Each structure stands twice: as structure tokens, then as C-alpha cells.
Amino acid sequence: MSKSSFFERLRRFPNYFVKRIRATEPQAALSALALPLTVLFFGAVSIYVKNARELLFSFWSVALPMLGISLLCALVLYLIFVFCPRGVYGYCRSLTVAMTVMAVIQSTYLSEKSIVGDGGDATEPGTVILSVCLWVLAIVIAVLAESLFRKKHGDILRLVATVLAVTAIGMQAITLTVGIIGNRKAVFHSGSDKRYVLTNRGLGEFGSESNIFIFIIDRCDEEFSAAALRDHPEIFPSRGDFTYYDDNIAKYMITYPSVVYMLTGVEKPLEGMSREEYIDSSYKNSKYLRALKESGYDIGLYIDAYYGYENATSMRDYVSNAEAVTRVRLSDPNWMLGMMAELALANNLPAPFRGIAKNVNSQNFANVVKYDSENPVFDTLNKSIYEKIASDDFDFRITCKKKFSFIHTSGTHYPYITDEDFKPLTDDSRKYDNTIGMTQSFKIINRYIDYMKENGLYDDATIIITGDHAQSSTDLRRTALMVKRSGDYGETQVSHAPVAQSQIMAEIFDSEGLTGYDFGTPLSKTPDNNERS
């Protein structure tokens, strides 16, 4: 092709483009709009509306961008209709409308509009088979209809396509509107309520008379914790001052509601209460924390902003590191939109595609929401905590008479991306080596213990080291537990008593001599031959 011929075609392209648009039936635009609007816009927004209590960003941060993305996809699809060969266009239109109808059926009747990574990815085999069969049937009908009736009944096919597209959009618009009205408080207040968060304030503070420290090593299984301490005793030099309980079980098998339960003693109802309502009411009615406050303790809770609490407003009267949020922002809007798109696809495409969003969970969404407050929001990552307390401008100091600190670390959550010294991990074979997580966690714990020893606070301190839950292949709830009571020093022992996380607070109050409270049997007063109830 000569240069002049190329420019001549380029000059004629606008006229050709207009001619192709005029030759394309008006219904093409509607068909092109229906599919991306159904899958991306209605798909993402309906998921947001159903899960608004879990998603802490605003409704508009999802709705407006997803609408723009849907319109852009519709434009691309329309251009495909415009420029595809005449004999192919009818098939493209029919298939698009069929997929739109099936996406509506899939999301309405065969999906839960759930956040897949939170446990909503399990689809019954019968549902999978039904979904696949319906999708195949819809596509076959679309192709056969176009092949058999295009010449004699083309007008009827166009009318049917138009009615189906309009009906699909209308049904979803009505359903979404009803959902928004029914859940309007959560939808339009999510991300904008007055919030309190738990910050780093007081992370290095101690009491002059009494200290209670609970260190949570996330997912600290009794089996591999025992192995790590046996094979690498150097990671915890003070091990000899602790009693190791080798038959301790956690109430729950995941961080939520384990941490909430450990701090409040309130069990999660099986039904009838949302996650937000359970967390809020638990902290409002925490017999443990109220008792510690009554006993004169300055309380610092250093826990995760999703799994450990929803809004720290209910804690602000008795937790010293609860601070008001000055601004809510998205740290990575594009990542958030990408995850919403994955969920939309997982809920609108055939059931076998549901796995594409298996790694999208509520914690991922919580991670992109950032709260600005007077002090930084506490981050449970081992690396974040260690870098904070090991930095030159961080001071451990005595600020009160009595101190209670509950410090949650990411512990042994693999795969690991840093080594024992918090440097990038270069050996891929060690990504699942729990020695790394244990070593990192004890580097944090040891700094606290060293300060207490150096300042004469250690002997009388009560220190608990445990996990929020386990991950054992033999016992899903058997969790590591080490205890140093006030006054214990150099009295290492192993207890085979069948104990539970629910006894930790009773042990603490008994160790500190706090009377007038009945929180059950302390760990140390449970006989080895006691039967587990």
C-alpha cells in the first residue's frame, strides 16, 4: 500500500465510520450496554449494598467508577457490533443478550452476592451443574434462533432482544433500588460515620507497680510452637520463667471472633446478630476490661482494625489508645475496584468461574481503607510492630502505676515475605517455614521483656504468650500458651492440664491478686487429671 493510498483511506475513515453506524440497527447500542451494565455495574453495586457493613468505603466510591467502566466496556462492545461482518452481527447480538439474561439469573438465583474469600466460595455440585447447563442452553438457543429465523423473522428476533435487554436492566435497577432503601443506613453511612480507631499510642508504656502483657502470636499452633522452641531455644531466652500449657484449646478457629472473645468473654451468637453488632455489644459489655479499669489499670489494646474491632467508639471511655478519626480515605482505589470487579464476575458468570475471586475477602477491603488520626492506626504485621519499637525515636517508658497491654502480632501467618531479620526473603523454600514467624514474634516480645528486666518490672509482671487460634492438622483448636505469673521467676514447668483460652483472664486476675471478681477457674488451678467440659 502506497503512502498516498494510506492517507486517502485515513481521510475517508470518518465518513466510513458514520456510514457503518447508520447501517447498524439502533438496538445494537442497547444490547451492547446491557451486558457490562449487568455484570460490572449492577454486579458490583449489588454486592456492595448487601455487604455494606463489612465494606468501610463509601457507596459512591464503587458506584460511580463502576458505572464509568461499564459504559466504556459498552462502547467497546458497540464498536465490535459496528465493524463486525453483517453475517456475524446477528450472532454477536443474540449471544450478548443471552449472556445478559443468564448473568441476571446467575446473580439472582444461583449466587449469594457474597464476598467469596470470606467463605462464600463453596458452591454445591448440583448448583454448578445446573448453572453450566443453563448457560449452555441459553447460548445454544441464541445461536439456533439466529440461524433458523434471521431471514424470515429478523424483526421478531430484534424485538425479543430489545425486550430481554430492557427487562434485564429494569429488573436489576428495581432490585438494587429496593436493596439500597432497605439497607440505606449501612449503605450511605459506610465510611462516613464518626469513628474511633486503636492507634500506636502507649505501645511502649509500662506501669511502675503492676504490668499485665498479653502477646498474641496469630495462628500460633501448639505443635509447631513447641517444635520451634525445642529446636531453636535461642529465640526465647526467658522461656525458663514460663509455664507451658500443652493442652490448651481456643474457643474459635479463626481470628474473628477469637480476639473479641478473649477480650470480652462474650460468645458470638449463632444467628440473629451481625458482625458489627456482635463486636460493638461485646466491648460495651466486656466484664474483663471494665474490671481492669475499675482496678486502676491503663488499658492499651493493640489489635487489628477488622478482625479485632469494627469501631472503637464503644471503647473510648476505658481504652487509652482509642482515638477519633479525622479523615477516612482509600489508599488504593484501583485495587479496591479490581476486587469489586472480581466479585462481580464471580457472582454473575457461570458457577465454575466463582473461584476467580477466591482470594478476595473482607480483610483485603479493610486494608485499603485508611484512617487518619492523631497517632498512626496500629498495624499487626510483625515487621511493622518491630520497626516501630526498634526505631531510634521510640521510647519504652513508665507512664502510670498499672498497665494492661494486649498486643496482637501477625505471628505465623505464611507465606512469609521477610526472613527472621525482617529483610526480604530470598529463599522460596522457606516461605512456609514457621520458624520465621515465631522468631519475628519473639523478637518483639523479647524487647518488652528486656525492658521490664532492666527496670525491675519483670518479676512482678504477669505475661501471657498465646495464639488467637491454631492451625494443626490433628487438632484445629490446640493453641500454644505460655504463662508467667506475678512473682514467678526461674520456675519453668510444663502443665498437661486441659485448659482453654477462656481461663486466661481468670489467671490474670488471680496472678495479680485482684479480688472481688469471679471469672472462673484460673489456668494454674486446673489439675492435670481434670476432665475437659
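Quick note: structure is the one above.
(A) The arrangement of the side chain of Ser286 in detail. Locating Ser286 in the fold gives a position in the loop between helix H10 (275-284) and helix H11 (287-294). Here the side chain of Ser286 touches Leu263 through a polar contact of 3.0 Å, landing on its backbone oxygen. A distance of 3.2 Å separates a polar side-chain atom of Ser286 from the backbone nitrogen of Leu289.

(B) Up close: a nonpolar patch on the surface. On the surface, a cluster of nonpolar side chains totalling about 520 Å² of accessible area is made up of Val132, Val136, Val140, Leu144, Leu148 and Phe149. Checked against the element boundaries, Val132 lands in helix H5 (residues 125-149). With a relative accessible area of 33%, Val132 lands in the partly exposed category.

(C) Here's a closer look at the packing of helix H4 (residues 86-110) against H5. Taken N-terminus to C-terminus, the directions of H4 and H5 make an angle of 155 degrees; their axes are 9 Å apart at the nearest point. Compared by their axis directions, H4 and H5 come out roughly antiparallel. Crossing hand, H4 versus H5: right-handed. Every residue of H5 that contacts H4 at Gly90, Tyr91, Arg93, Ser94, Leu95, Ala98, Met99, Met102, Ala103, Gln106 and Leu110 is listed here: Thr127, Leu130, Ser131, Leu134, Trp135, Ala138, Ile139, Ala142, Val143, Glu146 and Ser147. Taken together, the residues of the contact of H4 with H5 sort by class into 14 nonpolar, six polar and two charged.

(D) Structural context of the environment of Asn248. If you trace the backbone, Asn248 turns up in strand E4 (residues 248-249). On the accessibility criterion, Asn248 (0% relative accessible area) is buried. Separated by 223 residues in the primary sequence, Asn248 and Gln471 place their C-alpha atoms 13 Å from one another. In contact with Asn248, other than residues within four places in its own chain, are Thr466, Arg477, Arg478, Thr479, Ala480, Leu481, Val499, Ala500 and Gln501.

(E) Representation of the nonpolar core within the structure. One finds Tyr283, Leu301, Met340, Phe365 and Phe404 to be the most contacted residues of the largest nonpolar core, which totals 89 residues. Here the element with the most residues in this core is helix H2 (residues 27-50); it accounts for twelve residues. What Leu301 contacts, discounting residues up to four positions off in sequence, is Leu198, Leu263, Tyr283, Leu289, Met315, Val319, Asn321, Phe404 and Phe406. Among the nonpolar cores identified, the runner-up in size contains 34 residues, and Ile217, Met452, Ile463 and Met482 belong to it.

Basis of the calculations
Residues take numbers from 1 onward in each chain, read along the sequence in its written order. Only residues with pLDDT of at least 70 get local features here, since the model is predicted, and only at 80 or more are side-chain atom pairs given and counted; chain-wide, interface and lining totals rely on the full set of residues. The basis for every side-chain value is the complete set of heavy atoms in the structure, and neither hydrogens nor water enter the calculation. For the purposes of this entry, the term helix denotes a DSSP run of H or I that reaches at least four residues, the term strand denotes a run of E that reaches at least two, and both are numbered from the N terminus. Any pair of nitrogen or oxygen atoms within 3.5 Å is treated as a polar contact; in protein, a donor-acceptor pairing is required on top of that, and neighbouring residues in sequence qualify only through side-chain atoms on both sides. Excluding any residue in a salt bridge, patches collect residues exceeding 30% relative accessible area, merging like charges within 9 Å and nonpolar Val, Leu, Ile, Met, Phe, Trp and Tyr side chains within 5 Å. Computed with a 1.4 Å probe, the accessible areas rest on the Shrake-Rupley method; for each residue, only the protein chains presented here act as cover. Any carboxyl oxygen of Asp or Glu that lies within 4 Å of a side-chain nitrogen of Lys or Arg is treated as forming a salt bridge with it. Think of it in three bands: with a 1.4 Å probe and only protein chains considered, a residue is buried below 20% of the maximum accessible area for its type, exposed above 50%, and partly exposed in between. What counts as an axis is a line fitted to C-alpha atoms, over the stretch in contact for a helix, and the angles between N-to-C directions run from 0 to 180 degrees. Here the angle decides the label: under 35 degrees means roughly parallel, over 145 means roughly antiparallel, 65 to 115 means roughly perpendicular, and every other value means oblique. Rotating anticlockwise by less than a right angle from the far helix to the near helix defines a left-handed crossing, while the corresponding clockwise rotation defines a right-handed one. Here, two residues are considered to be in contact whenever any of their heavy atoms come within 4.5 Å of each other. For this classification, Asp, Glu, Lys and Arg are treated as charged, while Ala, Val, Leu, Ile, Met, Phe, Trp, Tyr, Cys and Pro are nonpolar and the rest, including Gly, are polar. To define a nonpolar core, start from buried Ala, Val, Leu, Ile, Met, Phe, Trp, Tyr and Cys residues and group those joined through side-chain atoms within 4.5 Å.

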